[in-house]
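A structural walkthrough
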There are 2 protein chains.
Amino acid sequence: MPDAETQRKLIEILRILSESNGEVGARKIAEELNRRGYNLGERATRYHLRMLDERGFTKKHGYLGRVITPLGEEELKHALVTDRLGFISTRIEDYEFRTTFDPSANTGDAVVNICYINKADCDKALEVLKQVVEAGYAISPRLKVVDEGQEILENDVPEGQVAIATFCSITIDGVLLKRGIPVSLKYGGIIRVRDNKAERFTDIIDYRGTSINPMNVFVSRKMTSVLKVLETGSGNALANVREIPINAREKALGIIEELRGAEVYGIFSACESVRPLLGVPVEPGTCGIASYSGINPFAALAEMGIKTRIIPLAAVMNSKELKRLD
Amino acid sequence: MPDAETQRKLIEILRILSESNGEVGARKIAEELNRRGYNLGERATRYHLRMLDERGFTKKHGYLGRVITPLGEEELKHALVTDRLGFISTRIEDYEFRTTFDPSANTGDAVVNICYINKADCDKALEVLKQVVEAGYAISPRLKVVDEGQEILENDVPEGQVAIATFCSITIDGVLLKRGIPVSLKYGGIIRVRDNKAERFTDIIDYRGTSINPMNVFVSRKMTSVLKVLETGSGNALANVREIPINAREKALGIIEELRGAEVYGIFSACESVRPLLGVPVEPGTCGIASYSGINPFAALAEMGIKTRIIPLAAVMNSKELKRLD
């Protein structure tokens, strides 16, 4: 039995084949998987296709193309959208589990978001990315920039493109979890910033109630104004809110200090005993921790009209690979 | 004390004023309210501004402009995003309550969605709208088209534009409620259609967990392919799912028959005792009713590249005003 994450990828490949007319090649499948938020390269996709072939759910057709079999269609029918409905929150827990980042030693694997842009836009993009992260509207100022042809995780960066990785805020949840604090990421939202201070949430989406990542929703609906925050100190940025038991407050505050020491400092509200927290409900017995999103730098690029392909919660990566830009 | 809907509009106006620099006129506020999903005309906006003035939350500034007062800012701080988080599901219940549509007599007020388009696009738009509704991918083939300068509800249609109203699927919920059936609209989603039959949901968003209408999310993320459904019989359309107690099944089926008689027939899965329903979870003790969305005709326009401003769940309207296109 493959693990849950592999299972979801297999189902998604079956979906892609089922929704197409005729055979589809591994490269096209990998591209479509990417578009749907799965960071899977061509090689890895071929590996998954072989698993599907072995089970009789797909078969080769033509030169390297694949089609879905009647058995594959049957399998798909039994796959629930709930696999995907739970998707965002389930995927979050999966990545929390996989985080090994240790802020005290500043080592281990962190969760990252990835954004692909055209190489031609790279210079002006990096300039803005740097401004956003240095102003503190991402999780950390540490980034990784990967040129065309080079590898980022399982993928080769396509020709003419550049990939950028930022710390994902789920890294914070992973660290809290690894130190024994039960943490529940609740809402992704739009935070109104005024005079460089987080003022209140104006929109939120519950991570447990959506099969689409809230961050992608807000960016594609053009609800951010990160550039305006940089220019005037006021505007709308991406953020999220998590809850921990109120008894874990002291321990969490210590960990948040350690995170700051490791340059992970996107948290703007840490365990305050206010309810609601910046307009967002917090359960009794818990306190909230709100942080900016690692997607804000990419949102700023989209606001500039730069073509972006944003994959939140893309992978775990050795944190040493992420460095401050000069 | 104003009712909850008025209260939300007042808060939203305060938000708009708070987020702007300097004074804003009633027309600009009305436009911004529209963009945020409130169907409020310039006149109605002025009326609401007077209410805010009276309470000291806003004051006149310059020639017909308004600014927010310190007292207004204070009021806003206490307003919860939860007013808006609950927004979509709260607003749904509000409209269910206001529906007086009686399918047996084919009279009363129905809930409608509204879409504004440029007048120049009107001819080709109406042709496609007609195809979508006649093929059964909306709630009803009955529409209302309102020309520039004429009034639709509280609004004058702006110069150079045309407004189109369609039956909103919440009308169904309103009718069930008025006949004493407790109904709970659960998910908005994307339904995969194959060979002109609803096959399974591929994405869903919980109405209780979002401050943004799921239908707007799916359209702005270009996740529909209604035109492809018309052309080939297969593609992705907007739909939603509601639950009723399983004991109310027989009564609901009778009402659904009556609705069909009144040309309200967008339901594609009525109280089947399958669980999950087309991939969507249904609570024990309940059965699901799934229907296409009245937004599908507008989604088709957006797919064609026609500029649309879509307001789901816009208002209630005398159902007699909605007629089949010739």
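Here is what the cut-offs are and how they apply
Residues numbered from 1 in each chain as written. Chains lettered and ligands numbered in written order. Predicted model: local features only at pLDDT ≥ 70, side-chain atom pairs only at ≥ 80, totals over all residues. Heavy atoms only, no water. Pairing = 2+ DSSP bridges. Helix = DSSP H or I, 4+ residues; strand = E, 2+ residues; numbered from the N terminus. Contact = heavy atoms within 4.5 Å. Axes fitted to C-alpha atoms, helices over the stretch in contact; angles between N-to-C directions. Least-squares fit on C-alpha atoms with pLDDT ≥ 70 in both. Salt bridge = Lys/Arg side-chain N within 4 Å of Asp/Glu carboxyl O. Polar contact = N/O pair within 3.5 Å; in protein donor to acceptor, adjacent residues only side chain to side chain. Nonpolar A, V, L, I, M, F, W, Y, C, P; charged D, E, K, R; others polar. Domains from an automatic or database assignment. Buried area = accessible area lost by both parts, 1.4 Å probe.

**Regarding the sheet that holds strand β3 (residues 65-68) of chain A**
Residue and element names in this part refer to chain A. One open sheet accounts for 3 strands, arranged β1-β3-β2; its pairing is antiparallel. One side of each edge strand has no neighbouring strand; the edge strands of this open sheet are β1 (24-25) and β2 (58-61). The pairing of β1 with β3 spans 2 bridges and is antiparallel. Note that in β3 the partner of G25 across the bridge is G65. Here helix α3 (residues 42-55) sits on the sheet in contact with β2 and β3, set at roughly 110 degrees to β2.

**Focus on the relation of the copies chain B and chain A**
The transformation that overlays chain B on chain A combines an axial shift of 0.0 Å with a rotation of 180 degrees, and the residual RMSD is 0.0 Å. Given the turn and translation reported, the copies of this chain are related as if by a two-fold rotation axis. Residues of chain B ranked by C-alpha distance from the rotation axis are headed by G209 of chain B, positioned 2.9 Å from it. Take the interface residues of chain B: 100% of them recur as interface residues in chain A, which is what a same-surface contact looks like.

**Digging into the interface of chain B and chain A**
Residue-level contacts link 34 residues of chain B with 35 residues of chain A. The tally of links between chain B and chain A comes to 2 salt bridges. Note that R194 of chain B and E73 of chain A form a salt bridge whose closest N and O atoms lie 3.8 Å from each other. Our count for the chain B to chain A interface comes out at 12 residue pairs in polar contact (both at pLDDT 80 or more). Of all the secondary structure elements, the ones that give two or more residues to the side of chain B that touches chain A are α1 (4-19), α4 (70-78), α5 (82-85), β9 (184-194), β10 (197-206) and α9 (214-220) of chain B. Per-element tally for the side of chain B that touches chain A: the top contributor is β10 of chain B, with 7 residues. Considering only residue class, the side of chain B that touches chain A consists of 15 nonpolar, 9 polar and 10 charged.

**Considerations on the domain arrangement of chain A**
All names here are of chain A. Split by domain assignment, chain A resolves into domain 1 (4-79) and domain 2 (101-326). Between domain 1 and domain 2, the C-alpha centre-to-centre distance is 31 Å. Buried area between domain 1 and domain 2, summed over both chains or domains, comes out near 720 Å², and the portion from carbon and sulfur atoms is 35%. A per-residue breakdown of the area domain 1 buries against domain 2 is headed by N34, N39 and R43, which together make up 69% of the total.

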